[in-house]
Amino acid sequence: MLFFAGVLAMHALPLQWHARKTNLLLASYVFYAAWNPPFLALLWISTLTDWFAARRIVISSGRKRTLYLVLSILVNLGLLGYFKYGGFLEENFAKLMAWMGSGYEISGSDIILPLGISFYTFQSMSYSIDVYRGKIKPGDSILDFALYVSFFPQLVAGPILRAGYFMQQLVEAHRRRADDFGWGIALIVVGLFEKIVLADGLLAPVVEKIYAVSGDATGIDAWVGTFAFGGQIFFDFNGYSVIAVGLAKCLGFQVPWNFLSPYAAIGFSDFWRRWHVTLSAWLRDYLYISLGGNRLGRARTYVNLALTMLLGGLWHGASWLFVLWGAAHGALLVIERLARHFLGGVAFFQRPLAKVLLGLLTFVLVTLTWVLFRAPDLDSATQLYAAMLMPVGGINAADLRDVAVVFGVLAALLGTHWFMRNREFGSALKRLPWPLIGLILGAMLIAILLSPGEERDFIYFEF
Amino acid sequence: MTSSTLNSDPAEPRWAYVWAVAILLVAVVVGGWELLVRGAGLGPGYVDNKVLWADTRHQLNEAGRDAIVLLGASRMQRAIDVDTMSDRFGRPVFQLSIEGSSYLPLFENLAVDPRITGTVVVSIAPAFTFNRLLSQIDEGRQSLYLEYYGNQSHARRLEQQLTLFLQGRLAFRAPGAAPAAVVPELIGSGEMPGRDYKTIFRNRVVHMDHDLIPGDQTDRGLASHYLRNVQPYTEAEFERVVNYIATIAAMLRQKGVDVYFVRLPSAGAVRSLENEFFPWEQFWGVLLQNVDATFVHFADYPELDGLVSQDGSHMDSSRIVEFTERLSDVLARNRLQPGSE
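Residues numbered from 1 in each chain as written. Chains lettered and ligands numbered in written order. Predicted model: local features only at pLDDT ≥ 70, side-chain atom pairs only at ≥ 80, totals over all residues.

Draft legend 1. Representation of the overall build of chain A. Assigned secondary structure in chain A consists of 19 helices and zero strands. Seen through its C-alpha atoms, chain A measures out along the principal axes to roughly 70 × 65 × 55 Å. Looking at chain A as a whole, 45% of its 463 residues are labelled buried. Counted over contacts in chain A with a minimum sequence separation of 6, partners at least 24 positions apart contribute 76%. (Helix = DSSP H or I, 4+ residues; strand = E, 2+ residues; numbered from the N terminus. Buried ≥ 20, exposed ≤ 12 C-beta atoms within 10 Å, placed from the backbone. Contact = placed C-beta atoms within 7 Å.)

So, in structure tokens, the structure goes:
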């Protein structure tokens, strides 16, 4: 917060637009270096590669053009592959070798995962791909491009920006508006409330308690823990994303929303249009469509969907559990498509009640997949799934207060998502009288200040 | 919801008024709460968690050869007054003991960190060093603290300083004074909760008020709890533990670190139980023979005895300054040197 106050003050100085952008770029690099200074080099490698590749793509033709795109993809995925998946690949290679009867000793080198690498490599690479596809023209200013790749409010956990969307905001100086600042601070308060009070204060302790003893969890424990994590991950990640939007807004920039009331989704394709929107759009545009999308027949569409979700799962982390989580979502999407094909014409499914029931079914199934996302290993996940199927068993790890807290918070979350399903946050808030907005924000601030819980990192910082 | 719609119809809220209302509400409620909890005797206080511990661990990295590091569990944390020991030797003292935990993961961490070159004083509590059950359960806690410390960015450390600054000054930041703790108590008993039995200082010294601790706080009470968790190592198991401790101690000595193992006093039923299950010749004696370090056992220094609290295990908080002075004298007689300045 102190850092942001400094940046804000610097950005408000009556300087040339170029100087203000330079300040923002330097601040973004300081922000990233505060975590681990040497990894700043990775950010620069990604930036320079795509700046160079995009410029060469435009002036080249034929195979050379494609080669420059391949260079961008290789460098970005290479960085991601080495730092994020190096250990995982080596470990699995060693297991494969052992299974084949030949020995392979793991090097034992402890590779640190650079903060935000999954986000900024995707963001940087999308620029080269968009230039290659002719969707955008390469920018004229390396300063603008470097700021697009490293813009600190969203650098470490998104939302993932697109060059066409963000770089145009950098061309001309913004006229500073007091309203932007008012909105920005309000969004930061909302995001902090979601993270500190709801995710960390109310839900995380229950989740940690139950996942720590997954082997002894009863059916009720397992359901409570699973629903609690469904809420925790939403408030944690949405909290971060809303703060990112707010920080950008204070500086006069627009950053897209990452969550659009996802727990009111009706079906899984709807869910992925609402959950981590900027990642699902990225996977759709650069992976699913590149694989052929739905242009190559029904069977191939299903394969493409499943493959996209599988890789989307792996993007979240180097673990077979994330692969399984992605596979589960791929399977759910394929089943939904099949159901739409065979049952889409049935009148019952058009009724409002059926939509609500389908929405609740979507929510429950999505929540069940979160077990794979949260469990430390497959055994724990299996134990929790087994416990959920047990009809009896009472409460062991959780207590009645936990049950009340989790289902109370979840009921409020679902109610809010259904109310906001087709509404926009800004418009909805603006319809409230200003004293009420002040009271709501004040109450949130009070809850934040009076919640001296244990500090927890944002979950998506690990990705 | 798209951000662009933030600027669309209807009219923008009157943000200056909105924030005036919000800030006024915060000032009234938080200020009122601060006065309420202070009035009930719930003053500001630190939380003995991984944040405070990691901050102390970071400070140690800058202290060089003069540093004296204290390792162990609650017995060590509640026995030493850091300032008194620091004044006595003219050296900075760092309390890194963690309640209810084995010191071994941290002992290893100090050995592999090239910045640690001072003196390490380890408290050997039989429950954690000679006992299979508790040492296995509680090594986890130190590992978690170490993981947190190891993953801290510079930004997180700055944020941590701010957290600690506020914790030491504002009562409402104390967990015991938060609405989540106060409101259920108010609803249940109609009264504000009393102050915590534990007072934690910035340098991680802990004072206990035994009159406020719930449950049986006599030596017999603690001994019966202890008895449920006693599972002494077999000879073969303890040999492995001793080899491990000897290896780590040798690594520390190799880089010039002086290592002291201290057996702090216990009393009453707790001492009887420790003598019965962890006899000198099977445990302390084996350690003494196999590990290259300086050993201080309270039984060899009568002046260390007699200051233990009613629970038979921990020092009486009103006498920890006195105990620290006595222990410092014993350590000095065992060649613990004053600081270089």
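Additional details are given in the paragraphs that follow.
Draft legend 2. Geometry of unusual backbone geometry. A positive phi angle, close to 50 degrees, is found at S261 of chain A, a residue other than glycine. Along the chain, S261 of chain A falls in the loop between α10 (219–250) and α11 (268–274). Phi is positive for R335 of chain B, close to 75 degrees, though the residue is something other than glycine. The residue R335 of chain B is located in the segment after α14 (320–333) in this model.

Draft legend 3. Layout of the packing of α10 of chain A against helix α15 (residues 352–374) of chain A. Residues and elements named next belong to chain A. Interaxial distance between α10 and α15 falls to 9 Å at its minimum, and their mutual angle equals 80 degrees. In terms of axis orientation, α10 runs roughly perpendicular to α15. Residues T226, F227, F229, G230 and I233 of α10 form the contact with α15, whose own contacting residues are T367, L368, W370, V371 and R374. For the contact of α10 with α15, a count of residues per class yields six nonpolar, three polar and one charged. (Axes fitted to C-alpha atoms, helices over the stretch in contact; angles between N-to-C directions. Parallel < 35°, antiparallel > 145°, perpendicular 65-115°, else oblique. Nonpolar A, V, L, I, M, F, W, Y, C, P; charged D, E, K, R; others polar.)

Draft legend 4. Layout of helix α17 (residues 400–419) of chain A. All names here are of chain A. When the terminal C-alpha atoms of α17 are compared, their 28 Å separation across 20 residues agrees well with the 28 Å that a helix rising 1.5 Å per residue should span. Taken together, the buried positions of α17 are D402, V405, V406, V409, L410, L413 and H417. In a view along the axis of α17, the buried residues occupy a sector of 115 degrees, so they form one face of it. The exposed set on the far side of α17, more than 90 degrees from its buried face, consists of L400, R401, A404, G408, A411, A412, G415 and F419. Those residues of α17 hidden inside the fold are in contact with α9 (178–212) and α10. (Expected span 1.5 Å × (residues − 1). Arc of directions from axis to C-beta.)

Draft legend 5. Spatial organisation of the environment of M420 of chain A. Residue and element names in this part refer to chain A. Note on placement: M420 falls in the loop between α17 and α18 (425–430). C-beta crowding within 10 Å serves as the criterion here: with 15 such atoms nearby, M420 is assigned to the partly exposed category. Placed 159 residues apart in sequence, M420 and S261 show a C-alpha to C-alpha distance of 6.5 Å.

Remember, this is a structural readout, not a statement about activity or role.
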